Amino acid sequence: AQSVTQLGSHVSVSEGALVLLRCNYSSSVPPYLFWYVQYPNQGLQLLLKYTSAATLVKGINGFEAEFKKSETSFHLTKPSAHMSDAAEYFCAVSRGGYQKVTFGTGTKLQVIP
Amino acid sequence: KAGVTQTPRYLIKTRGQQVTLSCSPISGHRSVSWYQQTPGQGLQFLFEYFSETQRNKGNFPGRFSGRQFSNSRSEMNVSTLELGDSALYLCASSGDRTYGYTFGSGTRLTVV
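Side note on the layout of surface pockets
Gaps between atoms show up when a probe of the same size as a water molecule is rolled over them.
So, point 1. What the largest pocket holds in volume is close to 460 Å³.
So, point 2. What lines the largest pocket is a set of 20 residues, and nearest its centre among them are A:Gln38, A:Glu88, A:Phe90, A:Lys108 and B:Gln37.
So, point 3. At the level of elements, strand 9 (87-94) and strand 11 (107-112) of chain A together with strand 4 (31-38) and strand 5 (42-50) of chain B are the ones that each hand at least two residues to the lining of the largest pocket.
So, point 4. No other element matches strand 9 of chain A, which puts three residues into the lining of the largest pocket.
So, point 5. For the lining of the largest pocket, the class distribution of residues is nine nonpolar, eight polar and three charged.
So, point 6. In this model, the second largest pocket occupies a volume close to 230 Å³.
So, point 7. Around the second largest pocket, the lining comprises 15 residues; the ones closest to its centre are A:Lys100, A:Thr102, B:Leu43, B:Gln44 and B:Phe45.
So, point 8. Looking at the lining of the second largest pocket, the elements that each hand over two or more residues are strand 10 (102-103) of chain A together with strand 5 of chain B.
So, point 9. For the lining of the second largest pocket, a count of residues per class yields six nonpolar, eight polar and one charged.

So, the sheet that holds strand 8 (residues 74-78) of chain B
All names here are of chain B.
So, point 1. Taken in spatial order, the four strands of this open sheet run 1-3-8-7, and their pairing is antiparallel. Both outer strands of the open sheet, strand 1 (5-7) and strand 7 (64-68), are each paired with one neighbouring strand and no more. Across the sheet, the mean angle from the axis of one strand to that of its neighbour is 15°, orientation sign disregarded.

Comments concerning the sheet that holds strand 1 (residues 3-7) of chain A
Residue and element names in this part refer to chain A.
So, point 1. With antiparallel pairing, the five strands of this open sheet are ordered in space as 1-3-8-7-6. Looking at which strands have only one partner, the edges of the open sheet turn out to be strand 1 and strand 6 (56-58). Each adjacent strand pair in this sheet contributes to an overall mean axis angle of 20°, direction not counted.
So, point 2. Where strand 1 meets strand 3 (residues 19-26), five bridges bridge the pair, whose relative direction is antiparallel. Across the sheet, Thr5 pairs through a bridge with Asn24, a residue of strand 3.

Some thoughts on the nonpolar core
One broad rule of soluble globular proteins: the nonpolar side chains tend to lie buried together.
So, point 1. Among the nonpolar cores identified, the biggest contains 26 residues, and A:Trp35, A:Leu48, A:Phe74, A:Leu76 and A:Tyr89 are the most heavily contacted of them.
So, point 2. When contributions to this core are tallied by element, the ones reaching two or more residues are strand 2 (10-14), strand 3, strand 4 (32-38), strand 5 (44-50), strand 7 (64-68), strand 8 (73-78), strand 9 and strand 11 of chain A.
So, point 3. Core analysis: the next-biggest nonpolar cluster, separate from the first, contains 21 residues, B:Ile26, B:Val32, B:Met76 and B:Val78 among them.

The rules behind the values
- Residues numbered from 1 in each chain as written.
- Chains lettered and ligands numbered in written order.
- Predicted model: local features only at pLDDT ≥ 70, side-chain atom pairs only at ≥ 80, totals over all residues.
- Heavy atoms only, no water.
- 1 Å grid on protein atoms, 1.4 Å probe; cavity = no way out; pocket = protein on both sides within 12 Å on 5 of 7 lines; lining within 4 Å.
- Points joined across faces, edges and corners; volume = space filled by probe spheres on them.
- Helix = DSSP H or I, 4+ residues; strand = E, 2+ residues; numbered from the N terminus.
- Nonpolar A, V, L, I, M, F, W, Y, C, P; charged D, E, K, R; others polar.
- Pairing = 2+ DSSP bridges.
- Axes fitted to C-alpha atoms, helices over the stretch in contact; angles between N-to-C directions.
- Core = buried A, V, L, I, M, F, W, Y, C linked by side-chain atoms within 4.5 Å.
- Buried < 20%, exposed > 50% of the residue type's maximum accessible area, 1.4 Å probe, protein only.

Right under this line is the structure:
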């Protein structure tokens, strides 16, 4: 079975600082990996996805993530945090095809002015 | 193109009642998944429909059911509502799951 573990349910960064949200996956086959963002009382929005084409994936709003097979990680980064980045972020994994998508428990990002 | 539409956005029901939530996926998407989101349990998978067939099912009691119509629109039903069913119910559609889901804004259900 596939799963993801997000380290840290809450992360605080200063405005302009590096954002690093951690995600480790477990999958018996090459996975498809995703990061989603959720703003209060909204659905989830896809930030970026890894589908084996390239290990460094660039997404929307300046976010990127690097797939590291040796570390089974897919951490999300952004060089400089903006106030508008404050939201909850979810890592997710799928085996593709007809397999369901499994989400992590989420990390709430607080940006301090 | 239009996104995933969920109706209603907010709903207040009384314990013991039943409720039906609706989801219209992105045009052309045949897969619709439903998730329940609560502060304590996070995102929990309810079920997935593809071309009117339930393809995956989560670990929820039989009070939770769903269906999908030939136009890919989906409904989920919860019977005999309990206080613990209060949650944000999210619908997600997908044309190809390797490319991820597109979520609707959700239906906020409050059971009193």
